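Summary of the model geometry
This is what each chain is made of:
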Amino acid sequence: MNYIDPHIHMVSRTTDDYKRMALAGCVLVSEPAFWAGFDRSGVEGFRDYFRQLTEFEKGRAGQYGIAHQTWLCINAKEAENVELSREVIAMIPEFLDRPGVLGIGEIGLNKNTRNEATVFQEHLELAARTDELILVHTPHLADKYQGTRMILDMIRAHPRIKPERVCIDHVEEHTIRLALDAGHWVGMTLYPITKCSPQRASDMIEMYGTERILANSAGDWGHSDPLAVPELIFEMRSRGHAEADIRKVVYENPLAFFSGCRRFRFTPRDLVVSAG
Ligand SMILES: [Zn+2]
């Protein structure tokens, strides 16, 4: 089955991963801007990173027949430096008209601090002003529930952001309903240890259905699995889910969400090969 991984940090993965993903049926990835594992020293570091995301990585994915899309922002882990964050937010519009840019992301909260909230709201303002889609990272573990509520409140308070143009990512059992009820798309992240397993994701699909639900690997430079979405396909099949329902979660839903971006173009050239 062809699938899309709507959240994966391919700059930190090898070409072997691209090949294995292509063999497993991946036809499109979307790569949010994230933390490099260290704090960058200035705005030029982000300009170079955005060039990597919008130029180099697209070509690398293309060699394996995988379309590459991306999201731009300064992530919450670097948001404590509000001055640098403002410089990056002011620079992002240079890149917004490039093909393959889906919007602003992954913005959000990490430790739910005041500075993180300030930078999150300034990203929201940029997205509203430029009419961009938004991809939101929710905090880990103990901070997730409170952080998700703070995020949903800040989005709700913004007069010009439509909920269907926002995806709340890394939802778990205790946050998925909050985000769906607010009218957003949600992303379930399939991680080997933290976040959500293919089994837990399948349970949530059984509880909440397939509307506005995406599944991703969030693969990065840490312990993660770039083939996590095929693992979910395998789990759902083994439970007897209809192929049409599986396909909706791993293929049609991400396409429907991305289609809210006026620049989004995707030609499913290899659908014929693997149809059925
Ligand atoms: Zn991420």
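Structure first, text after, so check above.
Now for the nonpolar core. Residues Cys-167, Val-186, Ala-215, Leu-232 and Val-250 are the most contacted members of the largest nonpolar core, which totals 72 residues. With 6 residues, the top contributor of residues to this core is helix α9 (residues 243–258). Leave out the neighbours within four places in its chain, and Val-186 touches Cys-167, Ile-168, Val-171, Ile-176, Ala-179, Leu-180, Arg-212, Ile-213 and Leu-214.

A few words on the pairing of strand β2 (residues 26–32). Counting buried positions along β2 gives 7 out of 7 residues, so the element sits mostly inside the fold. With 3 bridges connecting them, strand β1 (residues 3–5) and β2 associate as parallel partners. Looking at β2, one finds that Ile-4 is bridged to Leu-28. As a crossover connection, the stretch from β1 through helix α1 (residues 15–23) into β2 is right-handed. Strand direction decides the pairing type here: β2 and strand β3 (residues 67–72), joined by 5 bridges, are parallel. For Val-29, the partnering residue across the bridge sits in β3 and is His-68.

Tracing the chain through its elements places Asn-216 in strand β8 (residues 213–216). Accessibility expressed as a C-beta count within 10 Å gives 27 for Asn-216, which makes it buried. Sequence separation between Asn-216 and Gly-187 is 29 residues, and the spatial gap between their C-alpha atoms is 6.8 Å. Leave out the neighbours within four places in its chain, and Asn-216 touches Asp-5, Pro-6, His-7, Ile-8, Gly-187, Thr-189 and Val-229.

Packing of helix α2 (residues 43–62) against helix α3 (residues 82–91) brings their axes to within 9 Å, and their N-to-C directions diverge by 40°. When the interaxial angle is binned, α2 and α3 end up oblique. Classified by chirality, the crossing of α3 by α2 is right-handed. Between α2 and α3, the contacting residues are Val-43, Phe-46 and Arg-47 on the first element and Leu-84, Glu-87, Val-88 and Met-91 on the second.

Here the bond from Gly-105 into Glu-106 is cis, since omega is -10°, no more than 30 degrees from zero. Note on placement: Glu-106 falls in strand β4 (residues 101–108). With phi around 55°, Asp-131 is a residue other than glycine that occupies positive phi space. Mapped onto the elements, Asp-131 comes out in the loop between α4 (114–130) and β5 (133–137).

Attention shifts here to the environment of Gly-65. Relative to the helices and strands, Gly-65 resides in the loop between α2 and β3. With 14 C-beta atoms packed within 10 Å, Gly-65 lands in the partly exposed category. Each C-alpha atom, one on Gly-65 and one on Asp-153, is 40 Å from the other, the two residues being 88 residues apart in sequence.

Because the α-helix completes a turn every 3.6 residues, residues three or four places apart line up on one side. Here α2 spans 28 Å end to end across 20 residues, near enough to the 28 Å set by a 1.5 Å rise per residue. A maximum bend of about 40° is found in α2 at Gln-52. For α2, every residue scored as buried is listed here: Phe-46, Phe-50, Leu-53, Glu-57, Lys-58 and Ala-61. As for α2, its buried residues are in contact with α1, β2, β3 and α3.

Attention now goes to the sheet that holds β1. The parallel open sheet is built from 8 strands, whose spatial order is β1-β2-β3-β4-β5-β6-β7-β8. The sheet is open, and its two borders are formed by β1 and β8, each paired with just one other strand. In this sheet, adjacent strand axes meet at a mean angle of 25° when their direction is disregarded. Where β5 meets strand β6 (residues 166–169), 4 bridges bridge the pair, whose relative direction is parallel.

Here we take up the environment of Tyr-191. Relative to the elements of secondary structure, Tyr-191 occurs in the loop between β7 (185–189) and α7 (198–208). When the 18 C-beta atoms within 10 Å are taken as the criterion, Tyr-191 is described as partly exposed. Not counting the four nearest positions on each side in its chain, Tyr-191 is found in contact with Cys-196, Ala-218 and Ser-224.

Basis of the calculations
Residues numbered from 1 in each chain as written. Predicted model: local features only at pLDDT ≥ 70, side-chain atom pairs only at ≥ 80, totals over all residues. Core = buried A, V, L, I, M, F, W, Y, C linked by C-beta atoms within 7 Å. Buried ≥ 20, exposed ≤ 12 C-beta atoms within 10 Å, placed from the backbone. Helix = DSSP H or I, 4+ residues; strand = E, 2+ residues; numbered from the N terminus. Contact = placed C-beta atoms within 7 Å. Pairing = 2+ DSSP bridges. Right-handed = clockwise from strand over helix to strand, strands pointing away. Axes fitted to C-alpha atoms, helices over the stretch in contact; angles between N-to-C directions. Parallel < 35°, antiparallel > 145°, perpendicular 65-115°, else oblique. Left-handed = near helix turned anticlockwise from the far one by under 90°. Expected span 1.5 Å × (residues − 1). Bend = angle between axes of the 7 residues up to and from the residue.

Structural measurements only, silent on function.
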